[in-house]
Amino acid sequence: MSLPGGLIWTFIVAFNMETLDSLMKTNPPLLSLRSGGEHLCPKLLPPSNFYDPHIASKLLLKRVEILPLEICLSAASIHVLQSLKESNKAIPSRDKEDNFRPPGYRTLIPKYPVVDANSLAELYRRTTAASMSVVASTLLLHPDTPGWFLSANWNRVGSRNMNQLCAYTEDYSLKILSQQFLSKGLRESMDDITRAKLEDLRKTPGLAYWEIFSISPDADDVLAKMDTVGRKFVSDLCQAKGYAAQPLQLPPTADAHETGWGELVATFAARGDPLTSEAETATLDVGSTALHPAEEIDSSVPSSRNTKRQPPGPPNVMQWGNMTVPKHRDRTLSKSDMSRSFLQRAWAHSTEHDTTYTVFNCGNFERIGFRHRESGTLFLSNLINVPECEDPHYGKIQMGLYISIIQDALDRLKQQSEKSTHIPGGKRRKKIGTLPPNKRPRTRASSLKEKVEAEAERVNSEVVTEEARKRPLALLVLRYGIYNSPAPASFLRLRHIRKDMYTPSQYFKVVISSKIAAGATGTIHGADVEFLDGTIVRRAKAVVKLSFGSEQSARMRHEFSVYEHLRSCGVVSGIPVVYGLFEDLESDVLALVMSHVGRALVDRYPGFVKESKACLSEEVKSAFIGILRSIHEAGVRHNDIRAENLAITDDDRVSIIDFDKALLDSSEGAKRRELRNLEHALRGAYPAWYDMPSPATTPEA
């Protein structure tokens, strides 16, 4: 989509209050889908996100209030201009190379018509966002610069579904630009304080996110029916019964003190009528799926107790009981349930990135949401008719929205700064770096202790492997960041018949404690495998891969079949122990659960690839080569040998991981080339491009 001639960044107009007033009184034109476009764009379906039901109970959405938020936002632009006047600051003048676009630019019809959510977002980016982001950036972040410059940019984050037609996307946000992408005029004119402020704001993933829908009657209905979901909001959670969530310290978060229009956030949040009855005020987010709701600890609240993170204690045998698991769920939703589903997804998305504002836009209609963290309330604006709204006009609402988003981020940044400079006891937190190990002389007692511990670990590993491979049910629990599953996800081993109830001897828990990476096969997590062995709870480190969608699931099934083939050929050393492939009973998500075999070389040795550091001993290199040869002897070519797929433990035990691209029955020449690739990788180099697998080749399941 090219820019119309003559309306480029250097467009010059006389700038004064009349210019801003004209911008605020502008409404975009009525939009329609290209003729036949309804047959091109996929049908709008409920948002599917495996992680949303696992958000900690304290952080779940509990209430939805409809308020005239659009009226409040429209006052934000007047409020900030009045604040500048009271501070004796004039409106910045125009610069011939600044980023301001004239009011008429926002009414232009695109050269290429809207066909889906991504193309609608692109139109919004080139028109409304192009004007409002410059105005809000200048007025709030650098009002003293000679010109109107862009520092908070509205754009796409990531490349998910970028080249596919989609009915819905959540991949657009307002984010601070990095220094090298700022205009030359801004870089040269801003002071050190402004530069530091922008750098601090840029550390956030996004200041606010937009939920963009393709133009369609279904999308119009979703936005229109958001005011019919009811004030009390019951989140859609996993339906397993018999699990008791455990306390978890949550990341610090706080609401801003003041809104962009000058009202205290506490006063604004009190506008909604409080839920007064005992039934209404009860915690609704755990429902009947858990025995006891978890008592999450909010780390943003000062406490006299020691807040230093403690290592997890031994699992409690009393936490193990019979589990009732759900049946496969019917995902057919009514229109009001569709609205509820998108509200829960948007709230979770906002919670994940710790943002306050969420915008729902389907072209001709819009709603704006305000997340109040303390009460778990989402305040929603009335339905905004984008091309026809008056008093206020759409331009005034949008200008106030962008100003309020940045003002909210500045307010919360100031709170964080004040907390970091007032550390209890006058002690400052030490910087975390790479510290040399504390080497102590080996004694006979310490050597004996190491042998005893190694033998205990070996026995524990054997028991874990045997039990985890035969138990039919895996209960996945998320416990990191904002996640503390109110109820676990129920994953049944493939080719097993579901039962209604499972005893402790028939299931094990997979407690996910971190996110490692996201790849072509799915998302990789660090975890602990736990199960009840008589009266003993055994635990072992594990890795879990979760696949989403048919393409990732096909790759994961293929990877599992390769591991099974290697095991049948006697290759058990130097690769992860696979506990099984499991399918979620409430979704189409697959989970590949396997043993933890250390960290990838690129993680264990920072700079291993980029700086080509030769930090591996000859024994370690020989071990890797021996493993690959045994894999080749089993008829398997890994097909993706690089430092990211070579793992090593702290005591230098090595493994080769990630077999989703592996091929069977490759030629001997291909295997020899792969051995050479491994030798290159062990020296910190990537294999030659002609030896890399073709990205167009997808292994069969």
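Not measured: the values here are computed from a predicted model. (Residues numbered from 1 in each chain as written. Predicted model: local features only at pLDDT ≥ 70, side-chain atom pairs only at ≥ 80, totals over all residues. Heavy atoms only, no water.)

Caption draft 1: Geometry of helix α4 (residues 117-126). Taken across its 10 residues, α4 has eight buried, putting it largely inside the fold. For α4, the complete set of buried residues consists of Ala117, Asn118, Ser119, Leu120, Ala121, Leu123, Tyr124 and Arg126. On its buried side, α4 packs onto α5 (128-141), β2 (152-156), β3 (168-176), β4 (208-213), β8 (357-361) and α12 (394-420). Between a side-chain oxygen at the N-terminus of α4 and the backbone nitrogen of Asn118 the separation is 3.4 Å; the capping residue is Asp116. (Buried < 20%, exposed > 50% of the residue type's maximum accessible area, 1.4 Å probe, protein only. Helix = DSSP H or I, 4+ residues; strand = E, 2+ residues; numbered from the N terminus. Contact = heavy atoms within 4.5 Å. Polar contact = N/O pair within 3.5 Å; in protein donor to acceptor, adjacent residues only side chain to side chain.)

Caption draft 2: Quick look at empty space enclosed by the protein. Evaluated as defined, the whole model comprises two cavities of 30 Å³ or more. Estimates place the volume of the second largest cavity at around 30 Å³. Lining the second largest cavity are Asp52, Ile55, Leu60, Leu61, Ser235, Gln344, Trp347 and Ala348. Its residues assigned to classes, the lining of the second largest cavity shows five nonpolar, two polar and one charged. (1 Å grid on protein atoms, 1.4 Å probe; cavity = no way out; pocket = protein on both sides within 12 Å on 5 of 7 lines; lining within 4 Å. Points joined across faces, edges and corners; volume = space filled by probe spheres on them. Nonpolar A, V, L, I, M, F, W, Y, C, P; charged D, E, K, R; others polar.)

Caption draft 3: Here's a closer look at the packing of aromatic side chains. Applying the stated criterion across every chain, the model contains 22 aromatic pairs. Where Phe213 meets Phe342, the ring centres are 5.0 Å apart and the plane angle is 70°; that geometry is what we call edge-to-face. Within this pair, whereas Phe213 is found in strand β4, its partner Phe342 is found in helix α11 (residues 335-353), the two being separated by 129 residues in sequence. In this structure, Phe213 and Phe342 share a single accessibility class: buried. Aromatic pair Trp320 and Tyr507: ring centres 5.7 Å apart, planes at 15°, arrangement stacked. Of this pair, Trp320 sits in the loop between β6 (297-298) and β7 (323-324) while Tyr507 sits in strand β16 (residues 507-518); the two residues are 187 residues apart in sequence, bridging distant segments of the chain. Take Trp320: its relative accessible area is 9%, and that puts it in the buried class. In this structure an aromatic cluster arises from ring pairing among Phe50, Tyr51, Tyr480, Tyr483, Phe491 and Phe548. The side chain of Arg340 reaches across the aromatic face of Phe233, ending 4.8 Å from its centre. Lying over the aromatic face of Trp320, Lys509 brings its terminal NZ or CZ to 4.1 Å of the ring centre. (Phe/Tyr/Trp six-rings, centres within 6.5 Å; stacked < 30°, edge-to-face > 60°. Lys NZ or Arg CZ within 6 Å of the ring centre and 35° of its normal.)

Caption draft 4: Quick peek at the pairing of strand β14 (residues 489-493). Counted residue by residue, β14 has five buried out of five residues, so it is predominantly covered. Burial along β14 is two-sided: Ala489, Phe491 and Arg493 and Ser490 and Leu492, pointing in opposite directions, are all buried. Bridge count between strand β12 (residues 473-480) and β14: four bridges; the pairing is antiparallel. Its bridge partner being in β14, Leu473 is matched across the sheet by Leu492. (Pairing = 2+ DSSP bridges.)

Caption draft 5: The sheet that holds strand β24 (residues 654-656), seen in detail. One open sheet accounts for three strands, arranged β21-β23-β24; its pairing is antiparallel. On the outer flanks of this sheet lie β21 (599-600) and β24, each paired with one strand and no other. In terms of strand pairing, strand β23 (residues 646-648) meets β24 through three bridges, oriented antiparallel. Paired with Ala647 across the strands is Ser655, a residue of β24. Contacts from helix α16 (residues 618-633) reach β23 and β24, with the element oriented near 35° to β24. (Axes fitted to C-alpha atoms, helices over the stretch in contact; angles between N-to-C directions.)

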